[in-house]
Amino acid sequence: MTTAASSNQTIELTPSYTIPISLGLAAVPLLFVQVWVSLAIALFSLFLLIQTVMLRLRFTDTALDIYRGETLIRRFPYQEWQNWEIFWSPVPILFYFKEVKSIHFLPIIFDPKTLRTCLEQRFPKNQNADT
């Protein structure tokens, strides 16, 4: 796991398989109660598992970059951010951030502690007092 020692280096978050595996395990007993619900949860679990394997978040000095393998697929410059939040602190499940023109929700499929550290370093909460 990479630690966030300073904000002037690129930090790549390590994957976390907690949510995909938990959903997959939850789908098994549901199979005996409601087959279609169990199947939907299992498929969503598989989708998240594939995303966990393929996607990487990298915090740079100026932006949050999302990579698929070594290919940059999206860049979110911090200067366009207005707010961020990690939902449900006991077991982080969802990362939300708002840009000037859009809102984004990402499941926590990466290390939540390093995510929080990087967010606090690069876009502190007190910076967005007008929202």
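Here the structure is a predicted model, which means the values were calculated and not measured. (Residues numbered from 1 in each chain as written. Predicted model: local features only at pLDDT ≥ 70, side-chain atom pairs only at ≥ 80, totals over all residues. Heavy atoms only, no water.)

### With respect to the pairing of strand β4 (residues 71-77)
Moving residue by residue along a regular strand, the side chains alternate between the two faces of the sheet. How we decide: For two strands to be treated as a pair, DSSP must find no fewer than two bridges joining them. Numbering of helices and strands runs from the N terminus, with a helix taken as a DSSP run of H or I at least four residues long and a strand as a DSSP run of E at least two residues long.
Two elements, strand β3 (residues 63-68) and β4, share 6 bridges in a ladder whose sense is antiparallel. Note that in β4 the partner of I66 across the bridge is R74. What sits between β3 and β4 in their antiparallel hairpin is a turn of 2 residues, with G69 showing a positive phi close to 65°.

### Focus on the packing of helix α1 (residues 18-30) against helix α2 (residues 35-54)
Here is the rule we go by: Structural elements are reduced to axes, namely lines fitted to C-alpha atoms, with helices fitted over the stretch in contact, and the angle between N-to-C directions of any two is expressed from 0 to 180 degrees. Angle categories: roughly parallel below 35 degrees, roughly antiparallel above 145, roughly perpendicular from 65 to 115, and oblique for all the rest. Throughout, a crossing is termed right-handed when the near helix is turned clockwise from the far one, and left-handed when it is turned anticlockwise from it by less than a right angle. When checking whether two residues touch, look at their non-hydrogen atoms; a contact exists if any pair is within 4.5 Å. Residue polarity is assigned by list, with Asp, Glu, Lys and Arg as charged and Ala, Val, Leu, Ile, Met, Phe, Trp, Tyr, Cys and Pro as nonpolar; anything else, Gly included, falls into the polar class.
Direction vectors running N to C along α1 and α2 enclose 165°, while the axes themselves pass 8 Å from each other. Accordingly, the angle class assigned to the pair α1 and α2 is roughly antiparallel. As α1 runs across α2, the sense of the crossing is left-handed. Residues I19, P20, L23, G24, A27 and L30 of α1 pack against V35, V37, S38, I41, A42, F44, S45, L48, L49 and T52 of α2. In terms of residue class, the contact of α1 with α2 is built from 12 nonpolar, 4 polar and no charged.

### What about the confidence of the model for the protein chain?
What counts here: Every residue is assigned a pLDDT by the predictor, reflecting its confidence on a scale from 0 to 100.
Overall, the prediction assigns the protein chain a mean pLDDT of 90, with 89% of residues at 70 or greater. Segment residues 1-6 is flagged for pLDDT under 50; beyond a separation of four residues in sequence, or across chains, it makes 17 contacts in the model.

### Comments concerning helix α3 (residues 112-122)
Formally: Three exposure classes are used, based on accessible area relative to the maximum for each residue type with a 1.4 Å probe and protein chains only: buried under 20%, partly exposed in between, and exposed over 50%. The directions from the helix axis to the C-beta atoms form the arc being described.
Burial in α3 covers these residues: T114, L115, C118, L119 and R122. When α3 is viewed along its axis, its buried side chains cluster within an angular range of 135° and face the same direction. Those residues of α3 that are buried lie in contact with β1 (11-12), β2 (55-59), β5 (81-87) and β6 (94-99).

### Some details on α2
Put simply, the test is: To estimate how far a helix should reach, multiply one less than its number of residues by 1.5 Å.
The end-to-end C-alpha separation of α2 is 29 Å, in line with the 28 Å expected for 20 residues at 1.5 Å each. What α2 keeps buried is the set S38, S45, L48, Q51 and T52. End-on, the buried residues of α2 take up no more than an arc of 150°, which puts them together on one face. Those residues of α2 that are exposed and aimed more than 90 degrees away from the buried face are W36 and L43. As for α2, its buried residues are in contact with α1, β2 and β7 (103-107).

### Describing the packing of aromatic side chains
Formally: Stacked, edge-to-face and tilted labels apply to pairs of Phe, Tyr and Trp rings (six-membered ring for Trp) whose centres lie within 6.5 Å, assigned for plane angles under 30 degrees, over 60, and everything in between, in that order.
In this structure the tally under the stated criterion is 8 aromatic pairs. Where F44 meets F47, the ring centres are 6.4 Å apart and the plane angle is 25°; that geometry is what we call stacked. With F44 and F47 both in helix α2, this residue pair falls 3 residues apart, about one helical turn. When its relative accessible area of 44% is taken as the criterion, F44 is described as partly exposed. Classification of F47 by relative accessible area gives partly exposed; the value is 44%. Taken together through their ring pairs, the aromatic side chains of F76, Y78, W81, F95, F97 and F123 make up a single cluster.

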